[in-house]
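What follows is each chain in one-letter form.
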Amino acid sequence: MVKTLLQIVIAVIVFLLFNAYQQRDMLPTSEHQPAPYFSLPQLNSAERISLAAFRGQKVVVYFFAPWCNVCRYSMPNLNKLYEQQQVNAVAIALDYENKAQISAFVADLKLSLPILLGNENIAANYRIRAYPSYYVIDESGNIIQRDMGYSTELGLRLRM
């Protein structure tokens, strides 16, 4: 019993250390860490969406690549919460070859959340090194949560 408990504790510690190591280059979280501004075009519209559009509400800013397999499994969880109006969310496509590649990805997953076309500047400003990566931004425009990798609906809800 003690041996099993010790193994579980060690596994949890290793997981937490690995997670912290993965996130080491991401922007810090605090009430005083403003999220970098963006104004990006939407995938299927001439309209642009900016970070200012979410002022006064929490929002998940989700960075993905259309070739990312983890994104393929994680994005439907975020999209479901978005459709149920449990979270505000915007997904920013990075590391893509063309708009058709993103359109096919979005159509295949039947995503309804806003999809924005990102670029190298936004990736650098948000320090995106892996996909998926996401930030939760509070009503004042400050980063309050961050993570990378797969997330469940529950995990996303808890971060809000």
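See the structure shown above.
## Concerning the packing of helix α2 (residues 69-83) against helix α3 (residues 99-109)
Okay, step 1: At a closest axis distance of 10 Å, the pairing of α2 and α3 adopts a crossing angle of 55°. By the angle between their axes, α2 is oblique relative to α3. The two elements α2 and α3 cross, and the hand of that crossing is right-handed. Residues Cys71, Arg72, Met75 and Pro76 of α2 form the contact with α3, whose participating residues are Phe105, Asp108 and Leu109.
Okay, step 2: For the contact of α2 with α3, the per-class residue count stands at five nonpolar, no polar and two charged.

## Observations concerning unusual backbone geometry
Okay, step 1: The residue after Tyr131, namely Pro132, is reached through a cis peptide bond having omega -15°.
Okay, step 2: Tracing the chain through its elements places Pro132 in the loop between α4 (120-125) and β6 (133-137).
Okay, step 3: Non-glycine residue Asp95 carries a positive phi angle of around 55°.
Okay, step 4: Along the chain, the position of Asp95 falls in the loop between β4 (89-93) and α3.
Okay, step 5: Not every positive phi belongs to a glycine, and Lys110 is a case in point at roughly 55°.
Okay, step 6: Relative to the helices and strands, Lys110 is located in the loop between α3 and β5 (115-117).
Okay, step 7: Under the relative-accessibility criterion, Lys110 is labelled exposed at 66%.

## A look at the environment of Gln42
Okay, step 1: With respect to the helices and strands, Gln42 occurs in the loop between β1 (39-41) and β2 (48-50).
Okay, step 2: What makes Gln42 buried here is its relative accessible area of 18%.
Okay, step 3: Sequence separation of Gln42 and Ala91 is 49 residues, and the distance between their C-alpha atoms is 9.8 Å.
Okay, step 4: Residue contacts for Gln42: discarding those within four places in its chain leaves Glu47, Ile49, Ile115, Leu116 and Leu117.

## Regarding the packing of aromatic side chains
The geometry of an aromatic ring pair is captured by two quantities: the separation of the ring centres and the angle between the planes.
Okay, step 1: Going through the model one piece at a time under the given rule, you end up with seven aromatic pairs.
Okay, step 2: Seen in terms of ring centroids, Phe63 and Tyr126 are 5.1 Å apart; in terms of plane orientation they differ by 45°. Their pairing is tilted. In this pair, Phe63 is assigned in strand β3 (residues 59-64) and Tyr126 in the loop between α4 and β6, connecting sequence segments 63 residues apart. The exposure classification of Phe63 matches that of Tyr126, with both residues buried.

About the criteria used
- Residues numbered from 1 in each chain as written.
- Predicted model: local features only at pLDDT ≥ 70, side-chain atom pairs only at ≥ 80, totals over all residues.
- Heavy atoms only, no water.
- Axes fitted to C-alpha atoms, helices over the stretch in contact; angles between N-to-C directions.
- Helix = DSSP H or I, 4+ residues; strand = E, 2+ residues; numbered from the N terminus.
- Parallel < 35°, antiparallel > 145°, perpendicular 65-115°, else oblique.
- Left-handed = near helix turned anticlockwise from the far one by under 90°.
- Contact = heavy atoms within 4.5 Å.
- Nonpolar A, V, L, I, M, F, W, Y, C, P; charged D, E, K, R; others polar.
- Buried < 20%, exposed > 50% of the residue type's maximum accessible area, 1.4 Å probe, protein only.
- Phe/Tyr/Trp six-rings, centres within 6.5 Å; stacked < 30°, edge-to-face > 60°.

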